[in-house]
Amino acid sequence: MELAEQIQRDIGELVDKHRHVELDSPARNEKLQRWLASINSPTGTQKKRRRVMTWDKLNERVQQGYGMGHGADYQPWLTLRRKNSSRESNQVAAHLHPLHRVGYFFSRGEYQIALLLLWLQIHDLREQYPLWPIAHPHPLYGTPGTDGLQLGYCTGLFDIAAEAGIDHGYFPGADIPYVATIDFLVTVRNGNEFELVAISCKPIEDPDQEVKWRTLERLELERRYAERMGIRYLIMSSRFVPILMAGQLEWCMERASLSDVPHLAECVDEFSYEFAALPHLSVSDAVARASESQKMSLEEGWMVFRHCAWTQAIDIDLSVPLLTSYPARRNGRVLREKLRGSLFEGSAK
């Protein structure tokens, strides 16, 4: 919890430093806010008063653990709320079975990329990860297995923005530096080695597509932050994962773990062996035969099949239609390794 403790101390110091500023004129500010809220809009409806971030609110969020933790204990800095709704994308809150927690995604494209990353057997995935404006411990602090590593300290994004001559930004209506986030911070592991990959997911479909200048500035700050930390940085189109593949990954991910049915988990090796020995049968018939050989019901057999497809204990290509009335298409393992190589080349696996 060194990261959490350090961030809390630093934010706490800023709270104490700025609290007197808020206490000097609360009544005046509140009166002004009420007056602004009472002004009618051109349509005749009242404008809703915007909630302004304060140092106390920021400190409270940090103390509650937002933006901290690893694996099942991670809490994204941003979560889905009604006021965060978007007219341009479908937001998704879904249980991430490999991580044993709920994930929050601000577009369906983000969610589909998360499905792919988890299928690639990454060690951890943290969505809506905060790029703290103040100096802070390395994002790997607290990761099980990193004890004793000299990870160093990270420069705050506020200083990185100043060096780049880019406006960092503040919370609306406040003098508090905004806590920027990156869509994904991925932890990749190979034995005792850990590396991070930062991924920004954007709705960019055409390389020649015009991108807003402020978006380019934010991407540059992300790139500089990752470079300063020695983290691999990627920008991915939200359309990177085909809809068909995403749907099949989602169907299989629901059985990524068989911890709730341990008697089925014990049959995975034999089930996958029996299935692989029947390459000319349709998927349905092969599942039925493998289920029968393990003395399990057909329903249980399909649960094990989905688990095997997710883990690739059964070599099956999930990027093409999974037609259960036809034999399974192989080479899923080859596809997974190619994707891992292209996304994490130069990183631990």
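Keep in mind that what you see is a predicted model, and the values were worked out from it rather than measured.

(A) Representation of the nonpolar core within the structure. The biggest cluster of nonpolar side chains holds 58 residues, and the ones touching the most others in it are Leu-117, Trp-119, Phe-184, Val-186, Phe-271, Phe-305 and Phe-344. Excluding its chain neighbours within four sequence positions, the residues that come into contact with Phe-344 are Leu-117, Leu-120, Ile-122, Val-186, Val-188, Val-197 and Arg-232. Among the nonpolar cores identified, the runner-up in size contains 24 residues, and Tyr-74, Ile-166, Leu-196 and Tyr-225 belong to it.

(B) Main features of the side chain of Glu-127. Structurally, Glu-127 is set in strand β3 (residues 124-131). According to the relative accessible area criterion, Glu-127 is buried, its value standing at 0%. What Glu-127 contacts, discounting residues up to four positions off in sequence, is Tyr-74, Pro-76, Arg-101, Val-102, Gly-103, Tyr-104, Phe-105, Ile-182, Asp-183 and Phe-184.

(C) Just the packing of helix α7 (residues 243-253) against helix α11 (residues 298-311), in detail. Interhelical geometry of α7 versus α11 gives an angle of 120 degrees and a closest axis separation of 8 Å. What the angle tells us is that α7 and α11 run oblique. Here α7 and α11 pass one another in a crossing that is left-handed. Residues Leu-249, Trp-251, Cys-252 and Met-253 of α7 touch α11, and the partners they reach there are Trp-302, Phe-305, Arg-306, Ala-309 and Trp-310.

(D) Structural detail: the packing of helix α5 (residues 157-164) against helix α6 (residues 213-229). Two elements in contact, α5 and α6, have axes whose closest approach is 10 Å; the angle formed by their N-to-C orientations is 115 degrees. Relative to α6, the element α5 lies roughly perpendicular. As for how α5 packs across α6, the hand of that crossing is right-handed. Of α6, the residues touching α5 (which contributes Leu-157, Ile-160, Ala-161, Glu-163 and Ala-164) are Arg-218, Leu-221, Arg-224, Tyr-225 and Arg-228. Here the contact of α5 with α6 is built from residues that sort into six nonpolar, no polar and four charged.

(E) Expanded view of the sheet that holds β3. The mixed open sheet is built from four strands, whose spatial order is β3-β6-β7-β8. Pairing within the sheet leaves two strands with one partner each, and these edge strands are β3 and β8 (232-237). Between one strand axis and the next, the sheet turns by 35 degrees as a mean value, whatever way the strands run. Packed onto the sheet, helix α12 (residues 332-344) meets β6 (180-190), β7 (193-202) and β8 and runs at close to 120 degrees relative to β8.

(F) Examining the pairing of β6 more closely. In terms of burial, β6 is largely enclosed, as nine of its 11 residues are buried. Alignment of β3 against β6, held across seven bridges, turns out to be antiparallel. Bridged to Leu-125 within β6 is Val-186. Between β6 and β7, which pair antiparallel in sequence order, lie two residues; one of them, Gly-191, sits at a positive phi of approximately 65 degrees.

What counts and what doesn't
- Residues numbered from 1 in each chain as written.
- Predicted model: local features only at pLDDT ≥ 70, side-chain atom pairs only at ≥ 80, totals over all residues.
- Heavy atoms only, no water.
- Core = buried A, V, L, I, M, F, W, Y, C linked by side-chain atoms within 4.5 Å.
- Buried < 20%, exposed > 50% of the residue type's maximum accessible area, 1.4 Å probe, protein only.
- Contact = heavy atoms within 4.5 Å.
- Helix = DSSP H or I, 4+ residues; strand = E, 2+ residues; numbered from the N terminus.
- Axes fitted to C-alpha atoms, helices over the stretch in contact; angles between N-to-C directions.
- Parallel < 35°, antiparallel > 145°, perpendicular 65-115°, else oblique.
- Left-handed = near helix turned anticlockwise from the far one by under 90°.
- Nonpolar A, V, L, I, M, F, W, Y, C, P; charged D, E, K, R; others polar.
- Pairing = 2+ DSSP bridges.

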